[in-house]
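Residue-level listing of the chains:
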Amino acid sequence: MRVILLVDMDAFFASVEQQANPALRGKPVGVIGSGKRTVITTASYEARSCGVKTGMNLYEARQVCPELIVVVGDNDKYTHTCRQLKEIYKRFTPLVEVYSVDEAFLDITGSYHLFGSPIEVGKRIKYLIKQSFGINATVGIGPNKLVAKLAADISKPDGLRWIKKEEIPDILEDLPVEQLWGIGRKTAERLRSLGIKTCGQLGRASSGMLRSRFGVLGEHLKAMAQGVDHSPVLPESEDFGDTKSIGHSMTLPRDIYTRTEIDRYLMLLAEMVASRARRYGYEGRVITVIIRYRSFETFSLRKRLSIPTDDTHLIFRTARDIVRSVRLREPVRLIGVSISGLTQGNNQIPLFEEQKRRKRLLNTLDEINTRFGSNTLLWAAALKSDREPGVISPAWRPDGVRRTL
Ligand SMILES: [Mg+2]
């Protein structure tokens, strides 16, 4: 039986700003994006109590709350805090998945007894966050990520809630489906048109009917409504102690299943990984590919090379061979590539003309991308992807990859 804990910062951006500037404390604060300067990205709880909501434009927000203090968001500040938060979490377990800039999952199955109980872990984390940053967090605990998320959602702000397995059916029975993490508004609407409003109803709905309406997702929806979720807490590959690695993963804009499409993403990821390795002077001997299916089932496969490399093409070809060695059972929603078994500083002088040319090519490519922004120059295999290269999120993802169907 797993014990999963979700830490979710309350009104994170606004709280960080209030902490940085005492004049903002206790006041209604609206943080607006530095890019889209007119939309509220986070409202402090003081602002929420007068009706300010995320997504409102400034005009609307000032209508409901004339005394609103508007602050332009500072992503560096939030990212910095997020990294420090992660250090707190890692005192309790190495299995920390930074899910978004203000949410992290911790798998404390194997470690909570060291601190007493899951609730004790939650209390300590809340205390440490308050002590270090002066901000409130809500902690949800459950037998899986889905339930931990629900526990946090229903006990915000400054909450702490442990939903035990035996409580799940009661809690889910009358819960509107859209309150379940991962069920978006569209899916909820489609379910409503079938007469399904609550998780209780969805959990009892016939599998056959759900499958005919939602395809493979149907089963998944039913399981979710029953509080079932087997998805693992996925720590960043960088966190695995001494086996340092460099990795990137992407949640795809839509699920894909053809080899050609998968190859394009592998190429992009290989280039991201390889260029980062080259920038820091690393070469890796082990290539790992992570695949997450539409059902959230996740697995990784690796292959060891005879010599360490920082070469985009070799990493790509190895990753492609790895993927071709398996029969994909479902459409793919996330792909990741990493290299590990790293060695640094052995920037050997290339002996052969072919190696020299390749090294020069890679260096030139990196220089151009460093100077003009990443992905100015791309490998041809990575083109034609239906996603703009600029919006690919790195494995560490401060802006969050939401799990929404
Ligand atoms: Mg939050």
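Residues numbered from 1 in each chain as written. Predicted model: local features only at pLDDT ≥ 70, side-chain atom pairs only at ≥ 80, totals over all residues. Heavy atoms only, no water.

Caption draft 1: Representation of the overall build of the protein chain within the structure. A count of helices and strands for the protein chain gives 14 helices and 12 strands. By residue count, 50% of the 405 residues in the protein chain fall in the buried class. Put simply, of all contacts in the protein chain between residues at least 6 apart along the chain, 65% involve residues at least 24 apart. (Helix = DSSP H or I, 4+ residues; strand = E, 2+ residues; numbered from the N terminus. Buried < 20%, exposed > 50% of the residue type's maximum accessible area, 1.4 Å probe, protein only. Contact = heavy atoms within 4.5 Å.)

Caption draft 2: Structural view of the coordination of the magnesium ion. Taken together, the protein ligands of the magnesium ion are Asp-8 (OD), Met-9 (O) and Asp-102 (OD), with distances of 2.1 to 2.3 Å. Positions of the donor residues of the magnesium ion, expressed as sequence spacing, correspond to D-M-x92-D. Linking Met-9 in strand β1 (residues 4-9) with Asp-102 in the loop between β5 (96-100) and β6 (103-107), this pair joins segments that are 93 residues apart in sequence. Residue Met-9 shares its accessibility class with Asp-102, and that shared class is buried. (Donors = N, O, S within 2.8 Å, 3.2 Å for Na, K, Ca; no water.)

Caption draft 3: Broad picture of the packing of aromatic side chains. The full count for this structure, using the stated rule, is eight aromatic pairs. Pairing Phe-12 with Phe-13 gives two aromatic rings, centres 5.9 Å apart and planes at 50°, and the pair type is tilted. Across this residue pair, the class does not change: Phe-12 and Phe-13 are buried. Arranged with centres 5.4 Å apart and planes meeting at 80°, the rings of Tyr-99 and Trp-181 form a pair that is edge-to-face. Here Trp-181 lies in the loop between α7 (168-173) and α8 (185-193) and Tyr-99 lies in strand β5, a separation of 82 residues in the sequence. Three or more aromatic residues joined by ring pairs make a cluster, and in this case those are Phe-12, Phe-13 and Tyr-78. In this structure, Arg-48 is placed above the aromatic ring of Tyr-45, and the distance from its NZ or CZ to the ring centre is 4.4 Å. When the ring centre of Phe-105 is taken as reference, the NZ or CZ atom of Lys-145 above it lies at 5.1 Å. (Phe/Tyr/Trp six-rings, centres within 6.5 Å; stacked < 30°, edge-to-face > 60°. Lys NZ or Arg CZ within 6 Å of the ring centre and 35° of its normal.)

Caption draft 4: Quick look at the pattern of salt bridges. For the structure on display, the rule yields 16 salt bridges. The partner of Glu-297 in a salt bridge is Arg-329, with the nearest N and O atoms 2.8 Å apart. Here Glu-297, found in the loop between β10 (282-293) and β11 (298-309), pairs with Arg-329, found in the loop between α13 (312-324) and β12 (332-344); they are 32 residues apart in sequence, far enough to count as distant. Taken together, the shared-partner salt bridges connect Asp-8, Glu-103, Lys-149, Asp-153 and Lys-156 into one network. (Salt bridge = Lys/Arg side-chain N within 4 Å of Asp/Glu carboxyl O.)

Caption draft 5: Broad picture of the sheet that holds strand β9 (residues 245-256). Here four strands make up an open sheet; going across it, the order is β9-β12-β10-β11 and the pairing antiparallel. Unpaired on one side and paired on the other, β9 and β11 mark the two borders of the sheet. In this sheet, adjacent strand axes meet at a mean angle of 15° when their direction is disregarded. When β10 meets β12, the two strands line up antiparallel, connected through 11 bridges. By the bridge assignment for β12, Ile-287 is matched with Ile-339. Contacting β9, β10 and β12, helix α12 (residues 259-279) crosses the sheet at an angle of about 155° to β9. With respect to the sheet, α13 is in contact with β10, β11 and β12, its orientation differing from that of β11 by roughly 140°. (Pairing = 2+ DSSP bridges. Axes fitted to C-alpha atoms, helices over the stretch in contact; angles between N-to-C directions.)

Caption draft 6: Up close: the environment of Ile-246. Structurally, Ile-246 is set in strand β9. A relative accessible area of 5% places Ile-246 in the buried class. Sequence separation between Ile-246 and Ile-339 is 93 residues, and the spatial gap between their C-alpha atoms is 5.4 Å. Those residues within four positions of Ile-246 in sequence are excluded, and the remaining contacts are Val-273, Arg-276, Ala-277, Tyr-282, Val-337, Ser-338, Ile-339 and Leu-342.

Caption draft 7: Structural detail: α8. Taken together, the buried positions of α8 are occupied by Thr-187, Ala-188 and Leu-191. For α8, the angular spread of buried residues about the axis comes to 100°, placing them on one side. Seen from the open side of α8, the exposed residues pointing more than 90 degrees away from its buried face are Arg-185, Lys-186 and Ser-193. The inward-facing, buried residues of α8 abut α9 (199-204), α10 (207-214) and α11 (217-225). Of the residues flanking the end of α8, it is Gly-195, one or two places downstream, whose phi is positive at about 85°. (Arc of directions from axis to C-beta.)

Caption draft 8: Structural detail: the sheet that holds β1. With respect to topology, five strands assemble into an open sheet ordered β5-β6-β1-β7-β8, the strand pairing being mixed. Either end of the sheet is taken by a strand with one partner, and the two such strands are β5 and β8 (160-162). Taking each pair of neighbouring strands and ignoring which way they run, the sheet shows an average axis angle of 15°. Bridging between strand β7 (residues 137-142) and β8 involves three bridges; their strand directions are parallel. Across the sheet, Val-139 pairs through a bridge with Leu-160, a residue of β8. Packed on one face of the sheet, helix α6 (residues 145-153) meets β1, β5, β6, β7 and β8 and runs near 140° to β7.

Caption draft 9: Fine view of the pairing of β9. Here β9 lies mainly inside the structure; 10 of its 12 residues are buried. Sheet analysis places β9 next to β12, joined by eight bridges and oriented antiparallel. Within the sheet, the bridge partner assigned to Gly-247 lies in β12 and is Ser-338.

Caption draft 10: Focus on unusual backbone geometry. The residue after Lys-156, namely Pro-157, is reached through a cis peptide bond having omega -10°. By secondary structure assignment, the location of Pro-157 is in the loop between α6 and β8. Unusually for a residue other than glycine, Ala-11 sits at a positive phi of about 40°. Mapped onto the elements, Ala-11 comes out in the loop between β1 and α1 (12-20).

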